[in-house]
Structures are given as structure tokens and as C-alpha cells.
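Chain by chain, the residues run as shown.
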Amino acid sequence: MNYSRFINIVSAARRPSPIRVLTDLYQRSPPSMISLAGGVPNPSLFPYETTTISLKDGSKLDFGWNIMQQALQYSSSAGVPELLNWLKEFQIKIHNPPTARYSPEKGQMDICVTTGSQDGLAKVFDMVISPGDNILLDVHCYSGILSAMKPLGCNLIGVPIDKYGIIPKALKDVLSEWKPEDAKNPKSNIPKVLYTVPNGNNPTGTSMTTQRKEEIYQIAHDYDLLIIEDDPYYFLQFEKPWAPSFLSLDIDGRVIRADSFSKILSAGLRVGFLTGPKPLIERVILHIQSSCLHTSAFTQFMVLQLLQQWGQHGFLKHVECVIEFYKKQKDLMVTAANKWLK
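In what follows, the accompanying structure is described.

What counts and what doesn't
Residues numbered from 1 in each chain as written. Predicted model: local features only at pLDDT ≥ 70, side-chain atom pairs only at ≥ 80, totals over all residues. Heavy atoms only, no water. Helix = DSSP H or I, 4+ residues; strand = E, 2+ residues; numbered from the N terminus. Rg over C-alpha atoms; globule rule 2.2 N^0.38 Å. Buried < 20%, exposed > 50% of the residue type's maximum accessible area, 1.4 Å probe, protein only. Contact = heavy atoms within 4.5 Å. Areas by Shrake-Rupley, 256 points an atom, 1.4 Å probe, with all protein chains shown as cover. Disulfide = S-S within 2.5 Å. Pairing = 2+ DSSP bridges. Salt bridge = Lys/Arg side-chain N within 4 Å of Asp/Glu carboxyl O. Expected span 1.5 Å × (residues − 1). Arc of directions from axis to C-beta.

### What about the overall build of the protein chain?
Scanning the protein chain from terminus to terminus reveals 10 helices and 11 strands. The C-alpha atoms of the protein chain give 21 Å as radius of gyration, which agrees with the globular expectation for 342 residues (20 Å, within 12%). Dimensions of the protein chain, computed from C-alpha atoms along their principal axes, come out at roughly 65 × 55 × 35 Å. When burial is assessed residue by residue, the protein chain has 48% of its 342 residues classed as buried. Residue pairs at least 24 apart in sequence account for 73% of intrachain contacts in the protein chain once pairs closer than 6 positions are excluded. Total accessible area computed for the protein chain in this model is approximately 16,800 Å², and 56% of it derives from carbon and sulfur atoms.

Here you go:
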């Protein structure tokens, strides 16, 4: 794929922040090294010493001094390395993306941690959207995303939906104004981005089937669309088996997936992550370098310590408990609605 098609002028102009490069180098250096380059504060002066977090199952997360030094210090813009490793292994287990085995230039799967999935999505939009671009999305779309897109001066094209989300034929009808080969013409205004929430779409509640996703992915392939898969409710699906994600179908390296811990661990931690082609994730990381530097290292370590203690099995067990709770709430709400609103 020609990833330059999805990188606007502003994003293409981004270069690695020297101070952030030094931070990554410092983290890989032996403890005996004293750096005078990066403005790194001495952790012995931090007023926080240790902390212990009690979990609902009776176990505890202990933040000793060594962990606290890392959690309270500057960290890598891409994310705490140990958390990134855990997330990469988890994504491969859950989604098994074909791109995990690709070379970087062909769209090898990469990951970065963001300050919630909304932050990650906003940075993706800042990377790919230029004024006047035509952007495809569900005709009824999450208002928070509209707030992020509209100031960028793009034209939002709503694609009709049914109870299974975007209708493939409707998507084809919208794209029929252009020819697939127009995607190779830099002067063409053919859409280059399709944004969608495939599970529990807000506000409609629609969820895509496997067949629906396969059809939409084929259309994206034909018209060289970048699919932005916003999936905060992936782990809240009531019916099994779960339909495969767009990431799991991604043979081209044309999917950027946004995940969030907000609905299953804590919304206030503000920890999400993006998974997608390395050439594009690298652009997002450059944006992080020059904006927030990195997601809070302390909240990243809160998530990391929990995931390491639970393991993948323990995390998925917790997910089942969350699903069970919300399914009961849903059933009660449906019963009440049928009783009082009919």
C-alpha cells in the first residue's frame, strides 16, 4: 500500500523530537548513567514513596520504590515498553492479524498507547484528514467523533445502515461517483477513509456480522480505503461467537484499530491503544512526542501490573463478569420498556 496517501501535509512534516529520542535512549541505558540532556528530574525528590492498590478479589498490586520510580518518571511516547509487549501478544491471541507477520514497509502490525481511545482517534484524524477531504462514516455516528472531525474542514458522508451496521450496497452506491482507479490520482476527491464502530455502535447499537465485515473490507480494498475501526465495546458483546474484527481480516494493512480499557477496567485511567500499520502508527507517535509526550506512566503501570497479575486468562475472566453484569442490566431495561412504553 501507498501509505503516503493517508498522511497529510502536517503529519508528513513531523520529525522525531530530539528530547523524546534522548528519553528512549536514557531508558535503555544502565542505571549508572547520569544524563544531563533531557531535563529528567531526580526521582529521589518525588514526594511519593510506595503505594498498594487493593483489588476487589482480595489481592493487591504493590508499587514498590523501583516501580514507583518508573511510574512517576518520563516514559516512552509509544507507551511503557512492558505494556506494549503485553498488548502486542494479546492482540495476536485475540485477533491474529495477518499483518503481525508482515515487514514494516508492507504494513507490519504496530501498537502505541494513547490517553484513552478518543485521544488516539483524534490523532489519527489529524494525520489523515486534510481540508476538503470526503470522509465516510455511519449515517448515525458518535457525537464525540464528529466533534473531532468537523474542525478539520472535511466533508462527512453518512452511509446508510441497518441493524447490522453499514450496508455494503449503500457504501458501493456512495462510492459509485468515483472509479476505483481514482484512488491513485492525488488530485481526486475520492474518499480515502471509512470510520465505523463495528460493535454496539453509539447511538444505534448496531453490530456487524462476519459476512458484513468481509463485504465492507472488500470494498475498502477495491477503493483503497483506510478503515478506522473504533471498537470500545468489543469486550461487551453479549452473543457468541464474536464476529472477527476488521483487524483480523486485514490482509492489506489498511486497518487502524482503536481499543479502550475505559469500559472494562476504568474510564478515569484514560488508557487506550491503537493497532495498525507501522508506517501510520509511527506518525501518531510523532504527534504524541510533540503534544502530551506520553500517556500517564502511572496509569499505564496500574494497567500493566493488573494485566501481569491476571494474565490473559484472568483478564478474559474479568471480561466475562462485566458482560454478565451488563447483560442482566440490558434484560431488565428491555423488560421495563416492554411493560411501560408499549
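Alright, that's what it looks like, and here's the rest.
### Re the environment of Y74
Residue position: Y74 is located in the loop between α3 (65-71) and α4 (81-95). The exposure class assigned to Y74 is partly exposed, which follows from its relative accessible area of 35%. Expressed as a C-alpha distance, the spacing of Y74 and A336, which sit 262 residues apart in the sequence, is 50 Å. Ignoring sequence-local partners within four residues, the contact set of Y74 consists of R20, T23, Q27, G39, V40, P41, L293 and H294.

### Some words on the state of the cysteines
Under the definition given, this model contains 0 disulfides. Just so you know, C112 is unpaired, no disulfide at all, and the nearest cysteine sulfur is the one on C292, 9.9 Å from it. Accessibility expressed as a relative area gives 34% for C292, which makes it partly exposed.

### Let's talk about unusual backbone geometry
Between N202 and the following residue, P203, the backbone shows a cis peptide bond with an omega angle of 20°. With respect to the helices, strands and loops of the structure, P203 is situated in the loop between β8 (193-196) and α8 (210-222). Following K240, the chain continues into P241 via a peptide bond in cis, with omega recorded as 0°. Mapped onto the secondary structure, P241 falls in the loop between β9 (226-230) and β10 (255-260). In this structure, D224 takes a positive phi of about 55° despite not being glycine. Here D224 falls in the buried class, since its relative accessible area comes to 18%.

### Concerning the pairing of strand β1 (residues 51-54)
As paired strands, β1 and strand β2 (residues 60-63) are joined by 4 bridges and run antiparallel to one another. Note that in β2 the partner of I53 across the bridge is L61.

### Looking at the pattern of salt bridges
Going through the model one piece at a time under the given rule, you end up with 17 salt bridges. Linking K123 and D119 is a salt bridge whose minimum nitrogen-to-oxygen distance equals 2.6 Å. You can see K123 and its partner D119 sitting in helix α5 (residues 116-128), 4 residues apart, about one turn around the helix. D119 shares its class with K123; the two are buried. We note a salt bridge from D331 to K327, for which the minimum N-O separation is 3.6 Å. Of this pair, D331 and K327 both sit in helix α10 (residues 297-340), separated by 4 residues, roughly a single helical turn. You can call K327 partly exposed: its relative accessible area is 30%.

### Considering α8
Taking 1.5 Å per residue as the helical rise, α8 with its 13 residues ought to reach 18 Å, and the 19 Å between its terminal C-alpha atoms agrees with that figure. R212, K213, I216, Y217, I219 and A220 are the residues of α8 that are buried. One side of α8 carries all its buried residues, which in axial view fall inside an arc of 160°. At its buried positions, α8 is contacted by β6 (161-162), β7 (165-166), α7 (168-175), β8, β9 and β10. The first or second residue beyond α8 is D224, which carries a positive phi of 55°.

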